[in-house]
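Coordinates in review
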Amino acid sequence: TDIRQVSLDASGVTVAFGGFRALTDVTLSITPGAVHGLIGPNGAGKTTMVNVLTGFQAPTGGQVTLGRRDVGVLSAHDLRRAGIARTFQAGRLFTGFDVLDNLAVTGVGLGHSRHASEVEAMRLLDWMGVPHLAEVPAAGLPYTDERRVGIARALMFAPQFLLLDEPAAGMSETEAADLAALINRVASDLGTGVLLIEHNVGLVLSVSDHVYVLDAGQIIEEGDRGVITASRAVRDAYFGADQEA
Ligand code: ADP
């Protein structure tokens, strides 16, 4: 079987923090070569879900599987090795290094030589259309470039699945459109399954093949752009059911 055909699935995932349930019975599937959106109001559980799918949060109940493999029990490190990479809301770059070295360090960490890692990092920056960033110090990088480098660093793992946590935060509409084009290329050209969490709902709807909507820890709607746009439940979640008479 082609490994690229395996999907990353959450099945009945629940996360409780003490008596509070951040996620209740969440089931979703991330398929290769497609972009999936995860939206919902503040506190809906989006970041918690990404943390579960990337091994930063153990589920209280339910399962996370990669093909037939139960990966819900793996550490973040082991999940990266299994092909699941993520970005973070804050950059987390090594500020003493330039951009190329920030990426190459990841390759070295995976056991590649420094030279091979630098070649791969440069190839990636070229592919993303930002080769000019290679020798720029990571410290003081403009915010949008920092976001791009965060994605590049995740791509250094050559992941089967890439989870993006608020990648467009602080971006202008033009910059967000560039990001959308990049996300589409990651899915279509690299065959990566993408999960995109964003406050920018317009961006999510424009770029996603399939969107999940979380509210108070539960999936209240899923489907393509048309389904989400037409959903009364989604509008109620964002604007409050009481608002409309
Ligand atoms: P979102 O990303 O959709 O804004 P989060 O996943 O960050 O939502 O949070 C969902 C809910 O879980 C929030 O009410 C939040 O306060 C709570 N929560 C998140 N992480 C923890 C934690 N480590 N301990 C206790 N409560 C948490």
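Each remark here, short or long, concerns the structure printed above.
A brief look at the structure comes next. (Residues numbered from 1 in each chain as written. Predicted model: local features only at pLDDT ≥ 70, side-chain atom pairs only at ≥ 80, totals over all residues.)

Some remarks on the site of the ligand
Around the ligand sit Phe 17, Ala 22, Gly 40, Asn 42, Gly 43, Ala 44, Gly 45, Lys 46, Thr 47 and Thr 48, and that is every residue in its neighbourhood. The element that contributes the greatest number of residues to the shell around the ligand is helix α1 (residues 46-53), accounting for three residues. (Near = placed C-beta within 6 Å. Helix = DSSP H or I, 4+ residues; strand = E, 2+ residues; numbered from the N terminus.)

Section: the environment of Ala 152
Here Ala 152 lies in helix α5 (residues 143-155). Contact partners of Ala 152, with chain neighbours within four places excluded, come to Leu 103, Leu 124, Leu 125 and Met 128. (Contact = placed C-beta atoms within 7 Å.)

Some points on the sheet that holds strand β3 (residues 35-39)
The strand order across the open sheet formed by six strands is β6-β7-β8-β3-β9-β10, and the pairing between neighbours is mixed. On the outer flanks of this sheet lie β6 (84-86) and β10 (218-223), each paired with one strand and no other. Across the sheet, the mean angle separating the axes of adjacent strands is 20 degrees when strand polarity is ignored. In this structure, strand β7 (residues 161-165) lies alongside strand β8 (residues 193-197), joined through five bridges in parallel fashion. Note that in β8 the partner of Leu 164 across the bridge is Leu 196. Sitting on the sheet, helix α6 (residues 173-190) is in contact with β3, β7 and β8, with an inclination near 155 degrees to β8. (Pairing = 2+ DSSP bridges. Axes fitted to C-alpha atoms, helices over the stretch in contact; angles between N-to-C directions.)

What to know about the pairing of β8
Summarising burial for β8: five of the five residues are buried, a large majority. Burial along β8 is two-sided: the face carrying Gly 193, Leu 195 and Ile 197 and the face carrying Val 194 and Leu 196 are both buried. Traced from β7 through α6 to β8, the parallel crossover comes out right-handed. (Buried ≥ 20, exposed ≤ 12 C-beta atoms within 10 Å, placed from the backbone. Right-handed = clockwise from strand over helix to strand, strands pointing away.)

Brief notes about the packing of helix α3 (residues 99-109) against helix α4 (residues 114-127)
Axis separation between α3 and α4 bottoms out at 8 Å; the angle between their running directions is 125 degrees. What the angle tells us is that α3 and α4 run oblique. The crossing of α3 and α4 is right-handed. In contact with Leu 100, Leu 103, Ala 104, Gly 107 and Val 108 of α3, α4 contributes Arg 114, Ala 116, Ser 117, Glu 118, Glu 120, Ala 121, Met 122 and Leu 124. Of the residues in the contact of α3 with α4, the class split is eight nonpolar, two polar and three charged. (Parallel < 35°, antiparallel > 145°, perpendicular 65-115°, else oblique. Left-handed = near helix turned anticlockwise from the far one by under 90°. Nonpolar A, V, L, I, M, F, W, Y, C, P; charged D, E, K, R; others polar.)

Focus: the packing of α3 against α5
The geometry of α3 relative to α5 is characterised by a closest axis approach of 9 Å and an angle of 25 degrees between their N-to-C directions. By the angle class used here, α3 and α5 are roughly parallel. Like other packed secondary-structure pairs, α3 and α5 cross with a definite hand, here right-handed. In this structure, α3 uses Val 99, Asn 102, Leu 103 and Thr 106 to contact α5, whose residues at the interface are Val 149, Ala 152 and Arg 153. For the contact of α3 with α5, the residue count by class is four nonpolar, two polar and one charged.

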